[in-house]
Amino acid sequence: MKISTTVLGHPRIGRRRELKKAVEAYWTGGLDAAGLAEAAARIRRDTWTALADAGVELLPSNTFSLYDHVLDAAVAVDAVPARHRDLGLDALGTYFAMAHGTATTTPLELTKWFDTNYHHLVPELAPGTVFRAVPDKPLAEYREALVQGHDTRPVLVGPVTFLLLSKAAEDAPGGFAPLDLLDGLLDAYAGVLTALGAAGASWVQLDEPAFTADRSPAELAVLRTAYTRLSTLEGAPNILVTGSYGHLGEALDVLLGTPVHGIGVDLATDTADAERLAAHGPTGKLIAAGVIDGRNIWRADIAAAAALAARAGGDDLVVSTSCSLLHVPHDAEEETGLAPELRERLAFARQKAGEVVAVKRVLTGETPPAAIGPVPDAWRDERVRERVATASHEGRGPAEERRRIQAARLNLPPLATTTIGSFPQTPEIRAARATHRAGRISEAEYRDAMRGEIARVIGLQERLGLDVLVHGEAERDDMVRYFAERLGGFATTAHGWVQSYGTRCVRPPLLYGDVHRPAPMTVEWSAHAASLTEKPVKGMLTGPVTILAWSFVREDQPLAATAAQVALALREETVDLEAAGIGVIQVDEPALRELLPPRRDDHAAYLEWAVAAFRLATSGVRDETQVHTHLCYSEFGPVLPAIDALDADVTSIEASRSRLEILGELREGGYSRGVGPGVYDIHSPRVPDAAEIAAALRKAATAVDPRLLWVNPDCGLKTRRYAEVEPALAAMVAAAAEVRAELNL
Ligand SMILES: Nc1nc2c(c(=O)[nH]1)N[C@@H](CNc1ccc(C(=O)N[C@@H](CCC(=O)N[C@@H](CCC(=O)N[C@@H](CCC(=O)O)C(=O)O)C(=O)O)C(=O)O)cc1)CN2
Ligand SMILES: [Zn+2]
């Protein structure tokens, strides 16, 4: 029996976010293309060195990306939309134009990468799309590693997942589906693979995570066709097909029936594929057993992982991670500020590479597995457990009734305008936070700076004529981390950055113990904002599901139990906000869709606890207090009934990059609550004009009852600059007035 070790991918932002800094400097002219290339090469070198030092034998390449690996895949097959190609920019310019648009062109749509907090760009395809192999990037990275002494396995998004993640271009005819383009795409992939083979690569990894979700017989047939063809190509490397973020199930049987050379399974999310492989008997293929969880940061039980790998693998076993390590930070050893009993339980990318090697050593009998001690008693809180056991999420009156009471209290115009919560995080705000953290300004000085910022943001919203104001979230470095820093049971890291999209990164908190709220978290800021204006100010909280989704969560109890603890803490906060006179409270759940399991069989159980947690968090306030929620970043079809069950009074929802498609779905579902479909995209620096927003509003008003309609951007404004935000919001307010007059509301 042969055993070796690998990881399916690696963090690519650099240990200190060097990539973010380099790319952003390139955009603003502070760094030239050569400087950017150098920074990128340093990160790749560090990655290969780190993996080799950890003892990993089979190293991947092309796991690096300047922005996004799905965008890279689109470029590798020349799937560049005409509007970006026609800009006439150089390759790098075209690449970044696809990623974030220009003053005159919209970017590709951005959406969630499976059930993770990573976001990928969505390739746009049309019947006329002509694919062509453009293997430059994987080839260059393969050769670069080779020069450094590493014969790597280039990694690409698999062709079928590529098509399933793509969307039909806006001008594509009705019946067109990206899968129609399979033949042409396989030709292009064949070109890329044979180029890599000619350069000396003996293996490539093609990721097909789309097959850990339910797939139709037709889609499974496409998988069979694709891999039968690609694995019998003259001159191509051996192919390792991986399925991450769930079990492959039927797709595993399909792949076993093709001549593909290796299969990677995610056994950390679900062990079902190990059973399927064990039942199958000898496969004659390399099996990459993903026993080390690529998505969470708790140290693995090495003995259990070894047993699982042995069950899945046959004569040619590769101990591996369940997915790319893209979703975890670089190195837990750097977190010297954490309590030792917590730090010793953590495994970030560097430790996970070590775990893969440790599993092999156990399997080969070289070393016994190290044991992990029991969870410390101090992490339990019996009072929290008691309160959760007796909590109820009943309490508010019927939605219709609430609507009437709130309308009388708030006295808002139809098509009321608002924003999603955050205003730009300016260099001044960040600098104030950095100097405060460094101890160079006092708590009081920092608070004064934030209060001043709130006053400025309130003044701006009054000048712009918005109807429901926000305090702007200046005091929050991140909408989850901010709460984690104020809740018991959480810890935060100093350097634990993870890429969210492009150059945007987050430091997910560690949720290790029972959660409780020692003191109010947001009341001071919201009350200050409300004291500065006659208009209603929305209190702003992050919901329980999103707090879990964007943290690394304990695994010693069901998520539902942890969610209820977080929800109770938030409920206490809503009650305090209400008591402070805040009449509108928004509880953001942008990650509601994200945690939805890939298999339909698992949806109901998830949605039940997710909805229950949201309702627990929001049902403690009186009927006259208007509860808003905000959802973004996904296709919401599968969770529409759950959105209704949240029982929020108003829901704002990302819609502009997906061309308001959500509205049709809402209408069909008979949605009868307040709804604010995002009328412009805030993820691009492009400033919309009033005519374009008015057009979006007219479209929205035909899809839902205009009396239910709110007017707001797609998401918060924290990533934008004031130079973009002010004209965009002015255009939004003007468009609302125009359409309000037209509709005679
Ligand atoms: N957790 C989470 N997930 C999410 C979202 C979100 O808001 N939060 N939004 C969606 C989209 N994702 C996003 C993710 C990140 C950012 C974002 O803007 N991130 C910032 C970092 C935010 C942050 O923590 N800022 C810190 C500053 C951290 C920092 O850079 N510190 C410097 C030093 C301080 C300085 O000089 O700024 C350093 O460590 O080097 C602060 O404001 O205090 C970034 O990448 O630039 C935006 C959207 C989906 N998922
Ligand atoms: Zn949002």
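By convention here, each chain's residues receive numbers from 1 onward along its written sequence. Labels follow written order: the first chain is A, the first ligand is 1, and so on. Restriction of local features to residues with pLDDT of at least 70 applies here, the model being predicted, together with a cutoff of 80 or more for giving and counting side-chain atom pairs; totals for whole chains, interfaces and linings are based on all residues. Think of the side-chain values as coming from all heavy atoms in the structure, minus any hydrogens and water.

The name given to the protein chain in an unreviewed UniProt entry is 5-methyltetrahydropteroyltriglutamate--homocysteine methyltransferase, with the source organism recorded as Actinorhabdospora filicis. UniProt positions are given in the numbering used here, feature names are shortened, and annotations may be inferred rather than shown by experiment. Recorded under Function (unreviewed entry), the UniProt text for the protein chain is reproduced unchanged: "Catalyzes the transfer of a methyl group from 5-methyltetrahydrofolate to homocysteine resulting in methionine formation."

Enquirer: Would you take a moment to explain the coordination of the zinc ion (ligand 2) for this structure?
Expert: Ideal values for angles at a metal depend on the geometry: 109.5 degrees with four tetrahedral donors, 90 or 180 degrees with six octahedral donors. Each metal's donors are the N, O and S atoms found within 2.8 Å of it, except that Na, K and Ca use a 3.2 Å limit; water is left out, so coordination can look incomplete. At the metal site, the zinc ion (ligand 2) is ligated by H630 (NE2), C632 (SG) and C715 (SG), and these contacts range over 2.1 to 2.4 Å. Along the chain, the residues donating to the zinc ion (ligand 2) fall in the pattern H-x1-C-x82-C. Of this pair, H630 sits in strand β22 (residues 626-631) while C715 sits in the loop between β25 (710-711) and α27 (722-743); the two residues are 85 residues apart in sequence, bridging distant segments of the chain. A single burial state applies to H630 and to C715, both of which are buried. Helix numbering and strand numbering both begin at the N terminus, where a helix is a DSSP run of H or I of at least 4 residues and a strand a DSSP run of E of at least 2. Using a 1.4 Å probe on the protein chains alone, a residue whose accessible area is under 20% of its type maximum counts as buried, one over 50% counts as exposed, and one in between counts as partly exposed.

Enquirer: What is the right way to look at the pattern of salt bridges in this model?
Expert: By definition here, a salt bridge exists when the distance from a side-chain nitrogen of Lys or Arg to a carboxyl oxygen of Asp or Glu is within 4 Å. Within the structure shown, the criterion is met by 59 salt bridges. Where R402 meets D649, a salt bridge forms, and the shortest distance between an N and an O atom there is 2.9 Å. Pair noted here: R402 is in helix α16 (residues 399-410) and D649 is in the loop between α24 (640-645) and β23 (650-653), with a separation of 247 residues, a long-range link. Of the two residues, R402 and D649, both sit in the buried class.

Enquirer: Please clarify how the UniProt feature "domain: Cobalamin-independent methionine synthase MetE N-terminal" (unreviewed entry) in the protein chain should be interpreted in this entry.
Expert: Using the residue numbers shown here, the UniProt feature "domain: Cobalamin-independent methionine synthase MetE N-terminal" (unreviewed entry) corresponds to residues 5-308. From the first C-alpha to the last, residues 5-308 spans 15 Å; its make-up is 42% helix and 14% strand.

Enquirer: Which parts of the structure should I look at to understand a negative patch on the surface?
Expert: A contiguous patch of negative charge on the surface is contributed by E635, E661, E665 and E668. Examined against the element boundaries, E665 turns out to sit in helix α25 (residues 661-668). Each patch is built from residues lacking any salt bridge and having more than 30% relative accessible area; the joining distance is 9 Å for like charges and 5 Å for nonpolar side chains (Val, Leu, Ile, Met, Phe, Trp, Tyr). All accessible areas in this document rest on Shrake-Rupley with a 1.4 Å probe, and a residue is counted as covered only by the protein chains that are shown. Positive charges come from Lys and Arg, negative ones from Asp and Glu, while His and the chain ends are left out of the count. For the purpose of locating charges, the reference atoms are NZ of Lys, CZ of Arg, CG of Asp and CD of Glu.

Enquirer: Explain the UniProt feature "binding site: Zn(2+)" (unreviewed entry) in the protein chain here, please?
Expert: UniProt records the feature "binding site: Zn(2+)" (unreviewed entry) for H630, C632, E654 and C715 in the present numbering. For this annotated set, covering 86 residues, all C-alpha atoms fall within 8.2 Å of each other, a compact arrangement in space. A relative accessible area of 3% places H630 in the buried class. Contact between two residues is taken to exist if any of their heavy atoms lie within 4.5 Å; hydrogens are not considered. In this view, H630 contacts I420, Q586, V587, D588, E589, P590, S652, I653, D714 and C715; residues no more than four positions away in its chain are not counted. Not counting residues within four places of it along the chain, the set of residues in contact with C632 comprises P590, E654, D714 and C715.

Enquirer: Please clarify how α16 should be interpreted in this entry.
Expert: Each α-helix turn comprises 3.6 residues. Residues three or four places apart therefore point the same way. In this scheme, a helix's expected span is set at 1.5 Å multiplied by one less than its residue total. Compared with the 16 Å implied by 1.5 Å per residue over 12 residues, the 16 Å span of α16 between its first and last C-alpha is a close match. Buried within α16 are the following residues: R402, Q406 and L410. One face of α16 carries all of its buried residues, which in axial projection span an arc of 45 degrees. The outward face of α16, more than 90 degrees from its buried face, is lined by the exposed residues E400, R404 and A408. Looking at the packing, one finds that the buried side of α16 touches β21 (584-588) and β22. The arc in question is the one spanned by the directions pointing from the helix axis to the C-beta atoms.

Enquirer: Explain the pairing of strand β10 (residues 262-266) here, please?
Expert: As a general feature of sheets, a regular strand has side chains that alternate between the two faces. Burial analysis of β10 places 5 of its 5 residues in the buried class, which makes it a mostly covered element. Alternating positions in β10 separate into two faces, G262, G264 and D266 on one and I263 and V265 on the other, with burial throughout. Pairing of strand β9 (residues 238-243) with β10 involves 4 bridges; the strand directions are parallel. Across the sheet, L240 pairs through a bridge with G262, a residue of β10. Of the crossover connections in this fold, the one passing from β9 over helix α10 (residues 250-256) to the parallel β10 is right-handed. A strand pair is defined by DSSP finding two or more bridges across the two strands. Here β10 pairs with strand β11 (residues 286-292) via 5 bridges, running parallel. Along β11, the bridge assignment pairs I263 with I287. Clockwise travel from the first strand over the helix to the second, with the strands pointing away from the viewer, marks a crossover as right-handed. A crossover connection joins β10 to the parallel β11 through helix α11 (residues 272-280); in handedness this β-α-β unit is right-handed.

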